[in-house]
Amino acid sequence: METTNNASAVPNRRLDRKPRVVVTRRLGPAVEDRMGELYDVTLNASDMPLTRDQLVEAIQDCDVLVPTVTDTIDAELIEAAGKDLGLIANFGAGTEHIDLKAAASQKIIVTNTPGVFTDDTADITMAGIIGVPRRVREGVELIRSGEWTGWAPTAMLGRKLGGKVLGIVGMGRIGQAVAHRARAFGLEILYHNRKPLPVAIERMFGATYVDNLDDLVAQADILTLHCPSSPDTRRIIDQRRIELMKEGSSIINTARGDLIDQEALIAALESGHLAGAGLDVYPDEPNVDRRLIGHPNVMTLPHIGSATREGREESGMKVIANIRMWADGHRPPDQVLSGLD
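Residues numbered from 1 in each chain as written. Predicted model: local features only at pLDDT ≥ 70, side-chain atom pairs only at ≥ 80, totals over all residues. Heavy atoms only, no water.

The name that an unreviewed UniProt entry assigns to the protein is D-glycerate dehydrogenase, with the source organism given as Qipengyuania gelatinilytica. Turning to the protein, the UniProt record has this under Sequence similarities (unreviewed entry): "Belongs to the D-isomer specific 2-hydroxyacid dehydrogenase family." (UniProt positions renumbered as here; feature names shortened; annotations may be inferred.)

Take a look at the structure:
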């Protein structure tokens, strides 16, 4: 998705009172305190995802809804919105959980918080890129089990990073931040994107564009995913593409859980075709398949790619800025285009 500062087909109006804002999850003291100063805000003290009925109730009695990725804001829910709902100010960059076209048809503006979590997510990605080839999870488990017998020349042998091929699927902000970090580790960087980056940027990252995703998958020693979830990208890494990967290669996914065919991934891990995986996202969160948890070389993280205090606070302040601009009758800085605009 893109954001724009330009006028669109969705009108706006200036509010002559404090906006009534409903926030679906806890956003931290600094953000919540500031919201309380500026708006008539309703917070979710329990921090549990709202039920469908609770979302319906919330959306019927507010000017602004502040959801997160755990909330499904589909066309049916948007149609149930009260007449005053004018802004869905999403906390986070991804908006695939919001029906943007349905919102635009109801003249509801949608905003997000792009760019905030780029470095944080890239850092967690690098933890997988380094940790899976070096069998970090297995090493931690060995120490904790009390079964480590000491150093040996042939013990816990992993694979070095220098000279290996890192395949990046999706070369947006996060993909580029990963490429920047990975270059320092001596990785050869190939990438697949909807279109190639400008040559100057490719040179800066030492990255080579691969037009065909199958070719990228087949060349990568480590494959890392950084594309949004959409009908075109769901299970983009399926059984056929996993079979194209090198024996002993690995997959890192800090983007969205439905980008990978999970059954095909598990089968390749159990057969040894893939050496390991680093996963921060899953297709049925918060449920994580026990076979992934039980595999000795799968790093299973609880969706913490963006989980830094600094990043979460900055994202919350972006939400506040978007609401303030909207309430003042201006276009929010992070308005998301719906395709109908």
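Peer 1: Sorry if this is basic, but what is going on with the pairing of strand β10 (residues 222-225) here?
Peer 2: Along any regular strand, the residues point their side chains to alternate faces of the sheet. Burial along β10 is two-sided: the face carrying Ile222 and Thr224 and the face carrying Leu223 and Leu225 are both buried. Judged from the four bridges that link them, strand β7 (residues 165-169) and β10 form a sheet pairing that is parallel. Bridge pairing in β10 places Gly167 opposite Leu223. One ladder, built from four bridges, connects β10 with strand β11 (residues 249-253); its direction is parallel. When the bridges of β11 are listed, Ile222 appears paired with Ser250. You can see the chain leave β10, run along helix α10 (residues 239-244) and come back into β11, and the turn it takes is right-handed. (Buried < 20%, exposed > 50% of the residue type's maximum accessible area, 1.4 Å probe, protein only. Helix = DSSP H or I, 4+ residues; strand = E, 2+ residues; numbered from the N terminus. Pairing = 2+ DSSP bridges. Right-handed = clockwise from strand over helix to strand, strands pointing away.)

Peer 1: I'm lost on the UniProt feature "domain: D-isomer specific 2-hydroxyacid dehydrogenase catalytic" (unreviewed entry) in the protein in this one. Help?
Peer 2: According to UniProt, the feature "domain: D-isomer specific 2-hydroxyacid dehydrogenase catalytic" (unreviewed entry) maps to residues 21-336 in the numbering used here. Secondary structure content for residues 21-336 is 37% helix and 15% strand, while the C-alpha to C-alpha distance between its ends is 19 Å.

Peer 1: Help me understand the sheet that holds β11, please; the structure alone is not making it clear to me.
Peer 2: In sheet architecture, strand pairing relies on hydrogen bonds along the backbone and comes in two forms, parallel and antiparallel. Pairing is parallel across the open sheet formed by seven strands, whose spatial order is β9-β8-β7-β10-β11-β12-β13. Two strands close off the open sheet at either side, each with one partner strand: β9 (207-209) and β13 (298-300). Taken pair by pair, the neighbouring strands of this sheet meet at an average axis angle of 20 degrees, ignoring direction. Against the sheet, helix α11 (residues 262-271) contacts β11, β12 (274-279) and β13, and its axis sits at roughly 135 degrees relative to β12. (Axes fitted to C-alpha atoms, helices over the stretch in contact; angles between N-to-C directions. Contact = heavy atoms within 4.5 Å.)

Peer 1: Looking at this model, I keep getting lost on the pattern of salt bridges. Mind explaining?
Peer 2: Working definition: two side chains of opposite charge can pair if their charged atoms are close together. On inspection of all chains with the given rule, the structure shows 23 salt bridges. The closest approach of N and O atoms between Arg17 and Asp63, which form a salt bridge, is 2.6 Å. Of the two residues, Arg17 is situated in the loop between β1 (3-4) and β2 (20-23) and Asp63 in the loop between α2 (52-59) and β4 (64-66); the sequence distance between them amounts to 46 residues. Take Arg17: its relative accessible area is 37%, and that puts it in the partly exposed class. On the accessibility criterion, Asp63 (0% relative accessible area) is buried. Among the ionic pairs, Asp289 bridges to Arg291, the shortest N-O distance being 2.9 Å. (Salt bridge = Lys/Arg side-chain N within 4 Å of Asp/Glu carboxyl O.)

Peer 1: Looking at this structure, I do not really get the confidence of the model for the protein. What am I missing?
Peer 2: Low-confidence regions, as indicated by low pLDDT, have predicted coordinates that should not be scrutinised in detail. Of the residues in the protein, 95% reach a pLDDT of 70 or more, and the chain-wide mean stands at 94. Confidence over residues 1-10 falls short of pLDDT 50; this stretch has 32 contacts with residues more than four positions distant or in other chains. (pLDDT = per-residue confidence, 0-100.)

Peer 1: Can you walk me through empty space enclosed by the protein in this structure?
Peer 2: Where empty space is left can be seen by rolling a probe of water-molecule size over the atoms. Applying the stated rule across the entire model yields three cavities of 30 Å³ or more. Its boundaries defined by the atoms lining it, the largest cavity holds a volume of some 70 Å³. The residue makeup of the lining of the largest cavity, split by class, is seven nonpolar, three polar and no charged. (1 Å grid on protein atoms, 1.4 Å probe; cavity = no way out; pocket = protein on both sides within 12 Å on 5 of 7 lines; lining within 4 Å. Points joined across faces, edges and corners; volume = space filled by probe spheres on them. Nonpolar A, V, L, I, M, F, W, Y, C, P; charged D, E, K, R; others polar.)

Peer 1: Can you help me understand helix α5 (residues 118-131) in this one?
Peer 2: Since one α-helical turn is 3.6 residues long, residues separated by three or four positions face the same way. Under the 1.5 Å per step criterion, the end-to-end length of α5 is 20 Å for 14 residues, consistent within 8% with the ideal 20 Å. Where burial is concerned, most of α5 is hidden: ten out of the 14 residues are buried. Within the sequence span of α5, burial applies to Thr118, Asp120, Thr121, Ala122, Ile124, Thr125, Met126, Gly128, Ile129 and Gly131. (Expected span 1.5 Å × (residues − 1).)

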